[in-house]
Every structure is written in structure tokens, then in C-alpha cells.
Amino acid sequence: MTKRDPFQNPFPETDADRREIWEMLVPRDIDAFVAADWSAVAGDFIAENFTGVSGHFQDDPDKYDLAYPTLVAYRDDWLRQAQDFRAQCDAGVYVNDPRDGIYHATRLEQIEITGDAALVRKKFDGHNPRTDGTSERMNWQTLYWCRKQDGRWKIAGFVGYLPHIKE
């Protein structure tokens, strides 16, 4: 069995659409989050009719809510989370480079494309060890719906913070 390189796009050169979506949702998203730099990903979203649902890591869909009725609401929460994470990184909370931990925890291998629409499954399963002997557990998944707009793929919405169910 070949070990997966988490930094390597898993889609072949001949699959330009899936490669583009992976680049948007893995390296660009992770690097922007670690840097707390929304401007690096702002162009990856379709603001009109954007919707984000949070599953709050719950198995019961009755506990999901419309946490992000607009892209502005999502951006504000994304920035809050990213700035909190950045502050922890700057404070030396993590044993290793937390960016590497996020990459190693991330799996994006399933992209269903129909015309100019895509359903993307992004899963997280890993740990970021902390200097105090504990670790930050990353175990959730997100379903994105993307659309090709003006010749490039963008995020139109998502259902996220879902519990990760191992296969």
C-alpha cells in the first residue's frame, strides 16, 4: 500500500476540474486559515445566495442550523476561528507545525461533478499535538456544493461540522 502524500493533489493532470477544486479546498483553504488571511480565499466563494449549515458535530440532523445565512456571516466566523488558531500558533501551543497536522488530517478524494455543479466531500481525521501533552482532535466532515462561474470553480455553500464517520 502506497502512503498518501497529503500535500500532493490526488487527481490526475487530465482531470482539470477536480484538480482545481482540490487546490481551492485543500492548500488554499488551509494556508489561508493558518495565516488568518480571508483575502486569500475571498474570491473562492459565490456571495449571491451563499448558505452554510452547521451540524455542530452532532449525529442528529434536527440539531443542525443555518449558522451562515450569508457569506458575510461565514466570513466573520471563519476569521474569528482563524485568528484564535493563529494566536495559539503564535503562543507556541502546538508541538509541531499545525499546518502540517491539518494537511495530514485532510482527505478530499470524492468530487461528484454534473455539468457546472459539484458536490465535494472533505473529511478531517487527525490530531495536532500540544505542548501540554494533550492534542487537538480533528474529526469532522464538510459537504460543499460548488459551481463553475466565469470559467472557475467556486464555493456556493456547504453543510459542515458534521461528525466524521470512518468507513
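For the structure, see preceding data.
Here the structure is a predicted model, which means the values were calculated and not measured.

Peer 1: Explain the packing of aromatic side chains residue by residue, including any values.
Peer 2: The tally for this structure, following the rule as stated, stands at 18 aromatic pairs. Ring geometry for Phe-85 against Tyr-94: centres 5.5 Å apart, planes inclined by 45°, an arrangement best described as tilted. For the pair Phe-85 and Tyr-94, one class covers both residues: buried. On the basis of an interplanar angle of 25° and a centroid distance of 4.5 Å, the ring pair of Phe-124 and Trp-140 is categorised as stacked. Within this pair, whereas Phe-124 is found in strand E4 (residues 117–129), its partner Trp-140 is found in strand E5 (residues 135–149), the two being separated by 16 residues in sequence. Through pairs of rings, three or more aromatic residues link up here, namely Phe-33, Trp-38, Phe-45, Phe-50, Tyr-68, Tyr-74, Trp-78, Phe-85, Tyr-94, Tyr-144 and Phe-158.

Peer 1: Explain the nonpolar core to me, using residue names and the numbers behind them.
Peer 2: Within the largest apolar cluster, 39 residues are counted, with the highest numbers of intra-cluster contacts made by Leu-25, Tyr-74, Val-120 and Cys-146. Looking at this core, the elements that each hand over two or more residues are helix H1 (16–35), helix H2 (71–90), helix H3 (98–105), strand E3 (106–114), E4, E5 and strand E6 (152–163). Take this core: its biggest share by element is 9 residues, from H1. The residues touching Cys-146, leaving out its near neighbours within four places in the chain, are Met-24, Leu-25, Asp-116, Ala-117, Ala-118, Val-120, Trp-153, Lys-154, Ile-155 and Ala-156.

Peer 1: So what's going on with the pattern of salt bridges? Which residues, and what values?
Peer 2: Tallied over the entire structure, the rule returns 14 salt bridges. The closest approach of N and O atoms between Arg-18 and Asp-15, which form a salt bridge, is 3.4 Å. For Arg-18, a relative accessible area of 23% gives the class partly exposed. Given the relative accessible area of 18%, Asp-15 is considered buried. With a closest N to O distance of 2.9 Å, Asp-17 and Lys-148 form a salt bridge. Placement of the pair is Asp-17 in helix H1 and Lys-148 in strand E5, with a sequence separation of 131 residues. Here Lys-148 falls in the partly exposed class, since its relative accessible area comes to 28%. Taken together, the salt bridges that share partners define one network made up of Arg-28, Asp-44 and Arg-152.

Peer 1: Please provide a residue-by-residue account of the environment of Leu-25, values included.
Peer 2: When you line up the elements, Leu-25 lands in helix H1. For Leu-25, the residues in contact, after removing those within four places along its chain, are Leu-108, Val-120, Lys-122, Tyr-144, Cys-146 and Ile-155.

Peer 1: Explain the pairing of E5 to me, and be specific about the residues and the numbers.
Peer 2: With 13 bridges connecting them, E4 and E5 associate as antiparallel partners. In the strand pairing of E5, Phe-124 is matched with Trp-140. Adjacent in sequence and paired antiparallel, E4 and E5 are bridged by 5 residues, among which Gly-133 carries a positive phi angle near 95°. Summarising the sheet, E5 and E6 pair through 9 bridges and their orientation is antiparallel. Residue pairing in the sheet places Lys-148 in a bridge with Trp-153 of E6. The antiparallel hairpin formed by E5 and E6 contains 2 residues in its connecting segment, where Asp-150 sits at a positive phi of about 55°.

Peer 1: Outline the sheet that holds strand E1 (residues 51–54), listing residues and values.
Peer 2: Reading across the sheet, the 6 strands line up as E2-E1-E6-E5-E4-E3 and stay open at both edges, with mixed pairing between neighbours. A single partner strand is all that each edge strand has here, and the edge strands are strand E2 (65–68) and E3. Pairs of neighbouring strands in the sheet enclose a mean axial angle of 25°, with direction left out of account. In this fold H2 packs onto E2, E5 and E6, with an angle of close to 70° to the strand it touches most, E2.

Reading guide: rules and limits
Residues numbered from 1 in each chain as written. Predicted model: local features only at pLDDT ≥ 70, side-chain atom pairs only at ≥ 80, totals over all residues. Heavy atoms only, no water. Phe/Tyr/Trp six-rings, centres within 6.5 Å; stacked < 30°, edge-to-face > 60°. Buried < 20%, exposed > 50% of the residue type's maximum accessible area, 1.4 Å probe, protein only. Helix = DSSP H or I, 4+ residues; strand = E, 2+ residues; numbered from the N terminus. Core = buried A, V, L, I, M, F, W, Y, C linked by side-chain atoms within 4.5 Å. Contact = heavy atoms within 4.5 Å. Salt bridge = Lys/Arg side-chain N within 4 Å of Asp/Glu carboxyl O. Pairing = 2+ DSSP bridges. Axes fitted to C-alpha atoms, helices over the stretch in contact; angles between N-to-C directions.

Bear in mind that shape data such as this cannot, by itself, settle questions of function.
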